[in-house]
Amino acid sequence: MNAFNFQNKKLYAESVPVSDLIRSYGSPLYIYSKGQIETNWGLFKKSFGDHPYLICYAVKANSNLAVLNILAKLGSGFDIVSLGELERVIAAGGDAKKCVFSGVAKDEISIQKALEYGIYCFNVESEDELDRIEFVASSMNAVAPISVRVNPNVDANTHPYISTGLAENKFGVDADVALSMYKKAALSDSLKVCGLDYHIGSQITEIAPFIEALERALELVEKLKSENILVEHLDIGGGVGVSYDDEKIINIEDYLNSVTNRAKEMKILVEPGRSIVANAGIFVTRVEYLKRNNLKSFAIVDGAMNDLIRPSLYESFHQAVLIDDNSIGINDNWDIVGPVCESADFLAKNRNLTLEKGDYIAIMTAGAYGFVLSSNYNSRPRVPEVMISGKHHSLVRKRETIESLFENESLFEDDTNQ
Ligand SMILES: *Cc1c(COP(=O)(O)O)cnc(C)c1O
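Residues numbered from 1 in each chain as written. Predicted model: local features only at pLDDT ≥ 70, side-chain atom pairs only at ≥ 80, totals over all residues. Heavy atoms only, no water.

1. Brief notes about the site of the ligand
Around the ligand sit 14 residues, and of these Lys-60, Ser-202, Glu-271, Arg-274 and Tyr-369 come closest. Between His-199 and the ligand, the recorded distance is 3.5 Å, taken from a side-chain N or O atom to a nitrogen atom. A distance of 2.6 Å separates an oxygen atom of the ligand from a polar atom in the side chain of Tyr-369. Here the ligand has 390 Å² of accessible area as a free molecule, and 95% of this is covered by the chains. Split into classes, the residues belonging to the shell around the ligand amount to 3 nonpolar, 6 polar and 5 charged. (Near = heavy atom within 4 Å. Polar contact = N/O pair within 3.5 Å; in protein donor to acceptor, adjacent residues only side chain to side chain. Areas by Shrake-Rupley, 256 points an atom, 1.4 Å probe, with all protein chains shown as cover. Nonpolar A, V, L, I, M, F, W, Y, C, P; charged D, E, K, R; others polar.)

2. With respect to helix α1 (residues 18-25)
Every buried residue belonging to α1 is among Val-18, Leu-21, Ile-22 and Tyr-25, and all of these are buried. Looking down the long axis of α1, one finds its buried residues gathered within 100° of arc, a one-sided arrangement. (Buried < 20%, exposed > 50% of the residue type's maximum accessible area, 1.4 Å probe, protein only. Helix = DSSP H or I, 4+ residues; strand = E, 2+ residues; numbered from the N terminus. Arc of directions from axis to C-beta.)

3. Quick word on the pattern of salt bridges
Evaluation of the coordinates by the stated rule reveals 19 salt bridges. The shortest N-O distance in the salt bridge between Arg-23 and Asp-20 comes to 2.7 Å. With a gap of 3 residues between them, Arg-23 and Asp-20 both fall in helix α1, about one helical turn apart. A salt bridge links Arg-149 to Glu-125, with the nearest nitrogen and oxygen atoms 2.9 Å apart. (Salt bridge = Lys/Arg side-chain N within 4 Å of Asp/Glu carboxyl O.)

4. Points about the packing of aromatic side chains
Any aromatic ring pair is given by two values, namely how distant the centres are and how the planes are angled relative to each other. All chains considered together, the criterion is met by 7 aromatic pairs. Arranged with centres 4.9 Å apart and planes meeting at 45°, the rings of Tyr-30 and Phe-283 form a pair that is tilted. Pair noted here: Tyr-30 is in strand β4 (residues 29-33) and Phe-283 is in strand β13 (residues 281-292), with a separation of 253 residues, a long-range link. Classification of Tyr-30 as buried rests on a relative accessible area of 0%. (Phe/Tyr/Trp six-rings, centres within 6.5 Å; stacked < 30°, edge-to-face > 60°.)

5. Section: the sheet that holds strand β6 (residues 77-80)
Strand order in the closed barrel formed by 8 strands is β5-β6-β7-β8-β9-β10-β11-β12, and the pairing between neighbours is parallel. Sheet twist, expressed as the average angle between the axes of neighbouring strands with direction ignored, equals 30°. The pairing of strand β7 (residues 99-101) with strand β8 (residues 121-124) spans 2 bridges and is parallel. Pairing of Phe-101 across the sheet is with Phe-122, part of β8. (Pairing = 2+ DSSP bridges. Axes fitted to C-alpha atoms, helices over the stretch in contact; angles between N-to-C directions.)

6. What to know about the packing of helix α5 (residues 108-117) against helix α6 (residues 127-139)
As a packed pair, α5 and α6 sit with axes 10 Å apart at the nearest point and diverge in direction by 55°. Considering the angle they form, α5 stands oblique to α6. The handedness of the crossing between α5 and α6 comes out as right-handed. Residue-level contacts link Glu-108, Ile-111, Gln-112 and Leu-115 of α5 to Arg-132, Ile-133, Phe-135, Val-136 and Ala-137 of α6. Taken together, the residues that form the contact of α5 with α6 break down as 6 nonpolar, 1 polar and 2 charged. (Parallel < 35°, antiparallel > 145°, perpendicular 65-115°, else oblique. Left-handed = near helix turned anticlockwise from the far one by under 90°. Contact = heavy atoms within 4.5 Å.)

7. Re the nonpolar core
Ranked by internal contacts, the top residues of the largest apolar core, which has 103 residues, are Tyr-57, Phe-78, Phe-122, Ile-146, Leu-196, Leu-234 and Ile-361. Here this core takes 9 residues from helix α8 (residues 208-226), the largest share from any one element. Two domains share this core, each providing at least three of its residues, namely domain 1 (4-31 + 278-405) and domain 2 (34-276). In this view, Ile-361 contacts Phe-283, Val-284, Thr-285, Val-287, Val-301, Ala-320, Val-321, Leu-322, Ile-323, Ile-336, Leu-353 and Leu-355; residues no more than four positions away in its chain are not counted. By size, the runner-up hydrophobic cluster in this structure holds 19 residues, among which are Ala-13, Ala-362, Val-386 and Ile-388. (Core = buried A, V, L, I, M, F, W, Y, C linked by side-chain atoms within 4.5 Å. Domains from an automatic or database assignment.)

8. With respect to unusual backbone geometry
Residue Pro-28 follows Ser-27 across a cis peptide bond; omega there is -5°. Mapped onto the secondary structure, Pro-28 falls in the loop between α1 and β4. Within the chain, Asn-8 stands out as a residue other than glycine whose phi angle is a positive 50°. We classify Asn-8 as exposed; its relative accessible area is 77%. The phi angle at Asn-141 is positive, at roughly 55°, despite the residue not being glycine. As for its position among the elements, Asn-141 is in the loop between α6 and β9 (144-149). By relative accessible area, which is 77% here, Asn-141 ends up exposed.

9. Structural notes on the pairing of strand β14 (residues 297-301)
With 4 of its 5 residues buried, β14 lies for the most part within the structure. Where β13 folds back on β14, the antiparallel hairpin that results is connected by 4 residues. Note that β14 and strand β16 (residues 330-337) share 3 bridges and pair parallel. Opposite Ile-300, over in β16, you have Val-337 as the bridge partner.

10. Brief notes about the packing of α8 against helix α9 (residues 252-262)
Look at α8 against α9: their axes get within 11 Å of each other, and the N-to-C directions meet at 15°. Between α8 and α9, the interaxial angle falls into the category roughly parallel. Seen from above, α8 lies across α9 with right-handed handedness. On the side of α8, the interface is formed by Phe-210, Ile-211, Leu-214, Glu-215 and Leu-218, while α9 contributes Tyr-255, Ser-258, Val-259 and Arg-262. The residue makeup of the contact of α8 with α9, split by class, is 6 nonpolar, 1 polar and 2 charged.

11. Regarding the domain arrangement of the protein
Considered domain by domain, the protein is made up of domain 1 (4-31 + 278-405) and domain 2 (34-276). Each side of the interface is counted separately: domain 1 has 21 residues, and domain 2 has 24 residues. Summing both sides of the interface, domain 1 and domain 2 together bury roughly 1,900 Å²; the carbon and sulfur share of this comes to 54%. Summed over the three residues of domain 1 that lose the most area to domain 2, namely Tyr-314, Tyr-369 and Met-387, the buried surface amounts to 29% of that side. Along the contact surface separating domain 1 from domain 2 lie 8 residue pairs in polar contact (both at pLDDT 80 or more). Only α11 (310-314), β19 (385-389) and β20 (392-397) provide two or more residues apiece to the side of domain 1 that touches domain 2. When residues of the side of domain 1 that touches domain 2 are assigned to their parent elements, the largest contribution, 4 residues, is made by β19. Classifying every residue of the side of domain 1 that touches domain 2 gives 11 nonpolar, 6 polar and 4 charged. (Buried area = accessible area lost by both parts, 1.4 Å probe.)

As structure tokens, then:
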């Protein structure tokens, strides 16, 4: 499946021309494909075959209720990092019992709620956090299922902001600390050891770092076994990279086969985010002005870094294509820039396109870490999100209004002037 494809030089979202969607919903706009999400998730499922598994979609990659609902209907579990994400999953029809709770700073209320909902497992990221989970569980007369997130200290060869498995990163604990945490948990009446967890980073495009992390984790599983601490599941995290620019990526089936072959006795949890939703979404924006000087040519569009921050934040590359490639206009190497007052406000740089005012550009592979990272900077209402399946489409988040931007604000009533 390739949800976004060209037919007669016009970009389609499944069976509908993107230009039709713009007519219905305006610009800028996010468009997601239900079929692509299902295909991507299905590839993980198929790769596990008969091996016991749980796919826990990483909610933070795209947390729209419609996206979560599509995955819930497939039977997916979820990786959450906040109480807000857990409540979203439940609101979308997801099963709390298939949720794992990651994140370095879980507060008491979130832990309590997660226990009440009966989540599958807490991925514990520090000794202090283990103590807090034990405290909350014991005060509720509950037993908290836990995995320790180990930091395998492997280099995922990815952007430093999305690398998490090195000792210098804030995530997880070293193997020796993990060992003492497991010993403590095994002795506690309020904690139940159920798994071991790691997540080494995002947008990883080679299998080697994953296997290195896996082998270190399995060494720890063996060590725990020798201490009579049995770990039932191994949570291998997410991080599978996607192709933003036709680059070579991991074959998911090969990767998961090499995991299940090495951890034959264990249930495998995986936490894919980007690889489920990235290529299931595009961001569409209109060319407002063309501006050229003797150094640079700018296509100024109505979408900006507040809508899609990945290029500004990580200097990440997204393909930029015309939704109707009619070859009318000025051919040049354009920087596609937005209206926000920051020089970092660009969506793409140096792209050879033939443009005129009023053209629409699709920023491809924008379904992950797109809308979820958007903001109201420069008092810009957040853009709508649309889901499409075949010919059917509907709004799954409406465009924000300008009034809503300041509805939670109030004037400061200062009576000293009276
Ligand atoms: C972000 C995150 C994921 C998902 O990462 P992707 O690269 O989107 O697959 C999975 N697990 C944890 C703990 C995360 O923080």
